[in-house]
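# Structure at a glance
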Amino acid sequence: MKILGIIPARGGSKGIPGKNIKLLGKKPLLEYTVDAVRSSSLLDRCILSSEDNNIIQIAHQLGLDVPFKRPENLADDNSTSLDVIRHAIDFFESKNDFFDAVCLLQVTSPFREKSLIDKAILKFIESRADSLISVREVPSEYNPHWVFEEAETNLLKIATGESEIISQRQKLPKAYHRDGSIYLSKTSVIKNQNSLYGEKISFIDNTGSSYVNIDEPADWKKAENLLKSIR
């Protein structure tokens, strides 16, 4: 299976200006994801997708492949990861370079274990799923079987639609949330279904590993504290 890695990094972060190349410890945030890519032997190619000249310059310094500059209309607040991925796929296919799958690696998830990318790719291939995402287990108090939604004014219903709540924690089925570290998807699913997921979604469980998804200043502070603890 031929797999294209894509690192999306636009320049318009509002919560943390310049986030993608801001120094975390002694390295630009982008470099943590580049290091994870360097540890992988199963990505056939990995590229940066960015519209920002400063980010592109840092990427070149890190030895990251930047085959194009992303169009400005794909770098605003309304642009989706799917838009960015489809643009990259179209770029390569216009040059008769075809990939079976795409691996999206977000800069905002810097703490990946060295073997994570290749473990995810191997499981993705073996599972024959449409996609694979990295996840973490949801704590029992947030399990959807214990979560309520507003049914009507001043009334609640169980979010899963059940009539009775599961009374014992031990009987709760495991639930997971995306952690943003890895998204793998077949190119055919992206193109034909306009989806990163498709119908069959596999997963790799990151529960227990160092984790932060950087979006706000508080997340950046958490990342700094985590960095100190894992050195």
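Each remark here, short or long, concerns the structure printed above.
Residues numbered from 1 in each chain as written. Predicted model: local features only at pLDDT ≥ 70, side-chain atom pairs only at ≥ 80, totals over all residues. Heavy atoms only, no water.

The secondary structure content of the protein amounts to six helices and ten strands. Computed over C-alpha atoms, the radius of gyration of the protein comes to 19 Å, within 12% of the 17 Å expected from 2.2 N^0.38 for 231 residues, which places it in the range of a compact globule. Expressed as lengths along the three principal axes of its C-alpha atoms, the size of the protein is roughly 55 × 40 × 35 Å. For the protein, the residues scored as buried account for 47% of the 231 residues in total. Considering only residue pairs separated by 6 or more positions, the protein has 72% of its internal contacts joining residues 24 or more positions apart. (Helix = DSSP H or I, 4+ residues; strand = E, 2+ residues; numbered from the N terminus. Rg over C-alpha atoms; globule rule 2.2 N^0.38 Å. Buried < 20%, exposed > 50% of the residue type's maximum accessible area, 1.4 Å probe, protein only. Contact = heavy atoms within 4.5 Å.)

Turning to the nonpolar core, a few remarks are in order. Membership of the largest hydrophobic core comes to 41 residues, with the highest contact counts inside it found for Ile 7, Leu 30, Leu 43, Leu 48, Leu 105, Ile 182 and Leu 184. Among the secondary structure elements, those contributing two or more residues to this core are β1 (3-8), α1 (29-38), β4 (45-49), α2 (53-61), β5 (101-104), α4 (116-127), β9 (176-186) and α6 (217-230). For this core, the element with the highest residue contribution is α1, accounting for six residues. The residues touching Leu 30, leaving out its near neighbours within four places in the chain, are Ile 7, Asn 20, Leu 48, Ile 55, Ile 58, Ala 59, Leu 62, Leu 64 and Val 107. Grouped together as the second largest cluster of nonpolar side chains are 18 residues, Leu 4, Leu 82, Ile 133 and Tyr 183 included. (Core = buried A, V, L, I, M, F, W, Y, C linked by side-chain atoms within 4.5 Å.)

Here we take up the packing of aromatic side chains. Tallying each qualifying case throughout the model produces five aromatic pairs. Aromatic pair Tyr 176 and Phe 203: ring centres 5.1 Å apart, planes at 35°, arrangement tilted. Placement of Tyr 176 in strand β9 and of Phe 203 in strand β10 (residues 201-205) is noted, with a sequence separation of 27 residues between them. On the basis of relative accessible area, Tyr 176 is assigned to the partly exposed category, the value being 31%. An aromatic cluster is built from Phe 68, Phe 91, Phe 92 and Phe 99, whose rings are joined through pairwise contacts. Against the face of Trp 220 rests Lys 22, its NZ or CZ located 5.3 Å from the ring centre. (Phe/Tyr/Trp six-rings, centres within 6.5 Å; stacked < 30°, edge-to-face > 60°. Lys NZ or Arg CZ within 6 Å of the ring centre and 35° of its normal.)

By themselves, these are just geometric observations and shouldn't be taken as functional.
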